[in-house]
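Residue-level structural notes
Chain residues, written in single-letter form:
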Amino acid sequence: IRKVKIEPVQQADSLQVKQYSGIIKEAAEVNLAFRVAGPIQKILVKEGDYVRTGQVIAQMDTRDYEIQMAAAQAQYEQVKAEADRVIELHNRESVAGNDYDKAVSGLKMVEAQLKHAKDQMNDTKLTAPVSGYIQKINFLENELVDAGMPVASIINTRHYQVEVEIPVALYAERENIISFSGFQPTVSEEKFPLDLLSFSKKASNNQLYKVQLRINPASQPKLAPGMDVQVNIVRKNPAGAQACVPLNALFNENGKTCVWVYQSNGTVQKREVVTGKLTGDGRIRISGGLEGNEQVVVAGVNQLNENEQVEPLEPVSETNVGGML
C-alpha cells in the first residue's frame, strides 16, 4: 500500500487587499486678501506660522478710513437730529407727510453710509478664515495693495487628503470595498485609517480612476502635505470564500486539471477542478470541484491510480523536526 501525504482543503480569505501609492495633499490652500485698498501697516505672521481662525494676519494703515468714518459719523448725527425733530412734529400732526418721508429716507441713507464706513474700517484687519499654516506672504510692510490682491496664503489643516489612482477592474467593483488604510514607512509602520471622500467619474488618460481619501491630521501629527503614502484597499471577494489547495496537489490529465481526493475507505478518487488565482502562500484557489471538508493528496500525485488503496503519512511532530527521533 502506497503511503501518501494528504492535507485538508482550506478556505481562501473572503477579503482581498490591494495596495497603491498615493500623495498627501492639503484640504485647500486659501488666498487671503484685504477687501479695501491701502498701505500695509504691519504683517503679524511669517511663513510657516500656525494660525487659528480669526487670528489677525496683517493690519492696514487706517488713517484714511478713520477720517471717512468720522465724517460719516458727523453726518449721521446731524441728519438724525433733524430727522428726530421732523418725526416729533409728525407725531403732533404739525408737519407735512412729504417732509416726514424725506426725513426718514435721509436718516436711513446716512445710517447705511455710517455702517459702510465702519465695515471698511473693520476690513483694514486681515484675519484667518480657517486654522492652518501660513504657506506664503506676497507683500512687505508699507507696500500699497489693492482690494482683492492676495497678501498671503494659508494651508487649511482641518484635514489632509490622499489621492490614489485605481484600475478599472477595482473601480467597477467599488461597492465591494469595505475599508481604506494607509501607512508611511519613513514616519511609522503603523497603519492609520482613511475615510472615503469621493470617486472620480471619469478615467484619466491612463485609464485610471482617482479616489479622494481623508486623513485626520490630529491623529497623525508627523504627516505633512507632499509625502507619499501606501494605501491599502480591502474589498470583499465577489466569489466569497473559496477552497484552496497546495500547488503540488494539482496534475494534468488529457488537458484537464485534477486532484486526488482521499476517501474515507482509504482509497483515492480523481476529481477535475476549476482553478482560480494564487493566494500568495503556495496555494491556489479552487472555484469548482471541491468541498471544504475534503482531503487531497499533496505529494506523489503522478504515481497514483483511480481507487488505489493508500495509507496517509503521519504528520511530523513539532518536537521531532527532521524525523530524527
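Residues numbered from 1 in each chain as written. Predicted model: local features only at pLDDT ≥ 70, side-chain atom pairs only at ≥ 80, totals over all residues. Heavy atoms only, no water.

**Considering the overall build of the protein chain**
Stated precisely, the cut-off is as follows: Helix and strand definitions here come from DSSP, where helices need a minimum of 4 consecutive H or I residues and strands a minimum of 2 consecutive E residues; each element is numbered from the N-terminal end. Here the globule rule reads 2.2 Å times residues to the power 0.38, and the radius of gyration is calculated from C-alpha atoms. Burial here depends on accessible area, computed with a 1.4 Å probe over protein chains only, as a share of the maximum for the residue type. Under 20% is buried, over 50% is exposed, and the range in between is partly exposed. Exposure was quantified through the Shrake-Rupley algorithm and a 1.4 Å probe, taking into account, for residues, occlusion by the shown protein chains and nothing else. By the counting rule applied here, Lys and Arg register as positive and Asp and Glu as negative, while His and the ends of each chain are not counted. Note that the charge is assigned to NZ on lysines, CZ on arginines, CG on aspartates and CD on glutamates.
Assigned secondary structure in the protein chain consists of three helices and 23 strands. On C-alpha atoms alone, the protein chain measures out to a radius of gyration of 38 Å, which is more than a quarter above the 20 Å that the 2.2 N^0.38 rule sets for 325 residues. With respect to the three principal axes, the spread of C-alpha positions in the protein chain is 125 × 50 × 40 Å. Taking all 325 residues of the protein chain together, 36% fall into the buried category. If you sum the accessible surface of the protein chain, you get close to 19600 Å²; carbon and sulfur atoms cover 47% of it. One finds the centroid of the 35 positive side-chain charges in the protein chain at a distance of 3 Å from the centroid of its 40 negative side-chain charges.

**Concerning the confidence of the model for the protein chain**
Formally: Known as pLDDT, the predictor's per-residue confidence is scaled from 0 to 100. It only takes one pair of heavy atoms within 4.5 Å for two residues to be counted as in contact.
In this model, the protein chain carries a mean pLDDT of 87, and residues with pLDDT of at least 70 account for 94%. In the predicted structure, residues 320-325 sits below a pLDDT of 50 and forms two contacts with residues beyond four places in sequence or in another chain.

**Section: the packing of aromatic side chains**
Formally: Only Phe, Tyr and Trp rings take part, Trp by its six-membered ring, and two of them pair if their centres are within 6.5 Å. Stacked means planes under 30 degrees apart, edge-to-face means over 60, and tilted covers everything else. Remark: a charge is flagged as sitting over a ring if the NZ atom of Lys or the CZ atom of Arg is within 6 Å of the ring centre and within 35 degrees of the ring normal.
In total, this model carries four aromatic pairs according to the counting rule given. Centre to centre, the rings of tyrosine 171 and phenylalanine 199 are 6.1 Å apart; their planes meet at 75 degrees, and the pair counts as edge-to-face. Pair noted here: tyrosine 171 is in helix 3 (residues 168-172) and phenylalanine 199 is in strand 13 (residues 188-199), with a separation of 28 residues, a long-range link. Pair check on accessibility: tyrosine 171 and phenylalanine 199 agree, each one buried. Where tyrosine 171 meets tyrosine 209, the ring centres are 3.8 Å apart and the plane angle is 5 degrees; that geometry is what we call stacked. One end of the pair, tyrosine 171, is in helix 3; the other, tyrosine 209, is in strand 14 (residues 208-215), and 38 residues separate them in sequence. Residue classification places tyrosine 171 among the buried residues on the basis of a relative accessible area of 10%. Tyrosine 209 gets classed as buried once you look at its relative accessible area, which sits at 15%. The lysine or arginine in question, arginine 174, covers the ring of tyrosine 171, its NZ or CZ lying 4.1 Å from the ring centre.

**Things to note about helix 1 (residues 63-91)**
This is how the line gets drawn: An expected span of 1.5 Å times one less than the residue number is assigned to each helix.
Between its first and last C-alpha, helix 1 extends 42 Å over 29 residues, near the 42 Å set by a 1.5 Å rise per residue. Where helix 1 is concerned, the buried positions are Tyr65, Ala72, Tyr76, Val79, Ala83 and Val86. Residues of helix 1 that are buried make contact with strand 7 (56-60) and helix 2 (97-122). Downstream of helix 1 by one or two residues, glutamate 93 has phi in the positive range, about 60 degrees.

**Digging into the pairing of strand 11 (residues 150-167)**
The following threshold applies: Any two strands are treated as partners once DSSP identifies two or more bridges connecting them.
Extensive coverage of strand 11 is indicated by the burial of 14 of its 18 residues. Where strand 9 (residues 132-137) lies against strand 11, five bridges are found, and the strand directions are antiparallel. Bridge pairing links tyrosine 133 to isoleucine 155 in strand 11. Note that strand 11 and strand 14 share eight bridges and pair antiparallel. The partner of glutamate 163 across the bridge, within strand 14, is glutamine 212.

**Examining the pattern of salt bridges**
Cut-off, in case you're wondering: What counts as a salt bridge is simple: a side-chain nitrogen of Lys or Arg found within 4 Å of a carboxyl oxygen of Asp or Glu.
Applying the stated criterion across every chain, the model contains twelve salt bridges. One salt bridge connects glutamate 7 with arginine 283, and the closest N-O pair in it is separated by 3.2 Å. Note that glutamate 7 is positioned in strand 2 (residues 6-8) and arginine 283 in strand 21 (residues 283-288), a separation of 276 residues in sequence. Between arginine 235 and glutamate 173 there is a salt bridge, and its shortest N-O distance comes to 2.2 Å. A residue pair is termed long-range when its members are at least 10 positions apart, and arginine 235 in strand 15 (residues 228-236) and glutamate 173 in the loop between helix 3 and strand 12 (177-184) qualify at 62 residues. A relative accessible area of 25% places glutamate 173 in the partly exposed class. Salt bridges linked by common partners bring Lys25, Glu163 and Lys210 together as one network.

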